[in-house]
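# Topology and contacts: notes
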Amino acid sequence: MTGSDDGERAASPGVAPSSMTDGEAASRLEVDGEDFELRPDGFRGTHYTWISGPNPGYGFSTSPTSGSLEQHQASIRNFLSMVDPTTGYIEDN
């Protein structure tokens with residue numbers, strides 16, 4: 001992951017490891033018609049699983065996360081802006 005000038009780190013796409021989904025509190029958030037499950041990642045960050053997306057388990061993680069609703073929405077919108085609408089994945093350039 002790469003940091004930006006304001007201390008935020010870039011999203012890292014992929015499928016959530018199974019250890020991340022065991023016993024941790026999750027919440028759901030709808031952004032621009034898309035549903036995401038949010039879980040703490042154990043590193044002061046958040047893993048976002050794209051529930052309404054075409055690829056089961058696909059999502060991304062960010063760290064650190066302030067936990068504010070606005071930050072979660074911005075992270076999700078940034079992720080969605082990078083997704084190829086044909087494949088449902090972020091393509092390598």
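Cut-offs and rules
- Residues numbered from 1 in each chain as written.
- Predicted model: local features only at pLDDT ≥ 70, side-chain atom pairs only at ≥ 80, totals over all residues.
- Heavy atoms only, no water.
- Buried < 20%, exposed > 50% of the residue type's maximum accessible area, 1.4 Å probe, protein only.
- Helix = DSSP H or I, 4+ residues; strand = E, 2+ residues; numbered from the N terminus.
- Pairing = 2+ DSSP bridges.
- pLDDT = per-residue confidence, 0-100.
- Contact = heavy atoms within 4.5 Å.
- Core = buried A, V, L, I, M, F, W, Y, C linked by side-chain atoms within 4.5 Å.

### Quick look at the pairing of strand S5 (residues 58-62)
A regular strand places its side chains on the two faces of the sheet in alternate fashion. Most of S5 sits out of view: five of its five residues are buried. A two-sided burial pattern is seen for S5, the buried positions comprising Tyr58, Phe60 and Thr62 on one face and Gly59 and Ser61 on the other. Strand direction decides the pairing type here: strand S4 (residues 46-50) and S5, joined by four bridges, are antiparallel. Bridge assignment links His47 to a residue of S5, and that residue is Ser61.

### A short note on the confidence of the model for the protein
Overall, the predicted model of the protein reaches an average pLDDT of 82, with 73% of residues at or above 70. Note that residues 1-9 has pLDDT below 50 and, in this model, 13 contacts with residues that lie over four places away or in other chains.

### Brief notes about the nonpolar core
Among the nonpolar cores identified, the biggest contains eleven residues, and these are Leu29, Val31, Phe36, Leu38, Tyr48, Trp50, Tyr58, Phe60, Ile76, Phe79 and Val83. Looking at this core, the elements that each hand over two or more residues are strand S2 (27-31), strand S3 (34-40), S4, S5 and helix H1 (69-82). Setting aside residues no more than four positions away along its own chain, Ile76 makes contact with Leu29, Val31, Phe36, Tyr48 and Phe60.

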